[in-house]
Amino acid sequence: MPDYATVKANWAARGFSCDIWIDPPGQQWIDFVHDVDELVMLDEGELELTFHGLTLRPRPGEEVLIPAGARHSVRNPGARDNRWFYGYRHR
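Residues numbered from 1 in each chain as written. Predicted model: local features only at pLDDT ≥ 70, side-chain atom pairs only at ≥ 80, totals over all residues. Heavy atoms only, no water.

J.: Lay out the side chain of Asp-37 with the relevant residues and their values.
T.: The residue Asp-37 is located in the loop between strand E2 (28-32) and strand E3 (38-44) in this model. For Asp-37, a relative accessible area of 17% gives the class buried. Apart from the residues within four sequence positions on either side, Asp-37 is in contact with Phe-16, Leu-65, Ile-66, Pro-67, Ala-68, Gly-87, Tyr-88 and Arg-89. (Helix = DSSP H or I, 4+ residues; strand = E, 2+ residues; numbered from the N terminus. Buried < 20%, exposed > 50% of the residue type's maximum accessible area, 1.4 Å probe, protein only. Contact = heavy atoms within 4.5 Å.)

J.: I'd like to hear about unusual backbone geometry, residue by residue, with values.
T.: Backbone geometry at Asp-31 places phi at a positive 55°, although glycine is not the residue there. Tracing the backbone shows Asp-31 in strand E2. Under the relative-accessibility criterion, Asp-31 is labelled partly exposed at 45%. Phi at His-52 is positive, roughly 50°, even though this residue is not glycine. Looking at the element boundaries, His-52 is found in the loop between strand E4 (48-51) and strand E5 (54-56).

J.: Please provide a residue-by-residue account of the sheet that holds strand E1 (residues 19-23), values included.
T.: Read from one edge to the other, the open sheet built from four strands follows the order E1-E8-E3-E6, with strand pairing classed as antiparallel. The open sheet terminates on both sides in strands that have one partner only, identified here as E1 and strand E6 (63-66). When the angles between neighbouring strand axes are averaged without regard to direction, this sheet yields 30°. Note: E3 against E6, four bridges, orientation antiparallel. In the strand pairing of E6, Glu-38 is matched with Ile-66. Docked against the sheet, helix H1 (residues 4-13) engages E1, E3, E6 and strand E8 (82-88), running at close to 20° with respect to E8. (Pairing = 2+ DSSP bridges. Axes fitted to C-alpha atoms, helices over the stretch in contact; angles between N-to-C directions.)

J.: Go over the nonpolar core, please, and point to the residues and values.
T.: The biggest cluster of nonpolar side chains holds 11 residues, and these are Val-40, Leu-42, Leu-47, Leu-49, Phe-51, Val-64, Ile-66, Ala-70, Val-74, Trp-84 and Tyr-86. Listing elements by their share of this core, those giving two or more residues are E3, E4, E6 and E8. Every residue in contact with Tyr-86, bar those within four places of it in the chain, is listed here: Trp-11, Ser-17, Cys-18, Asp-19, Ile-20, Trp-21, Glu-38, Leu-39 and Val-40. Within the second largest apolar cluster, seven residues are counted, among which are Val-7, Cys-18, Leu-39 and Phe-85. (Core = buried A, V, L, I, M, F, W, Y, C linked by side-chain atoms within 4.5 Å.)

Here it is in structure tokens:
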């Protein structure tokens, strides 16, 4: 599993914030749009990201870049809580 301090330092060096989010099973965040790029990385559990007509299910430690302006949805399709890192590009 990725180490939060390491991910945070890496993302900061690349111009992104970094925080942790935890969702219960079945949680959905639908049709979000941000005016800056967003990075997402699964730490544990399952995660499903949908944008630009694609549905991605990243593995722990796999980064996904959601481009600025992309309408996107996030879902926990698993049977237990998930934990994931997210961050936004600094302006």
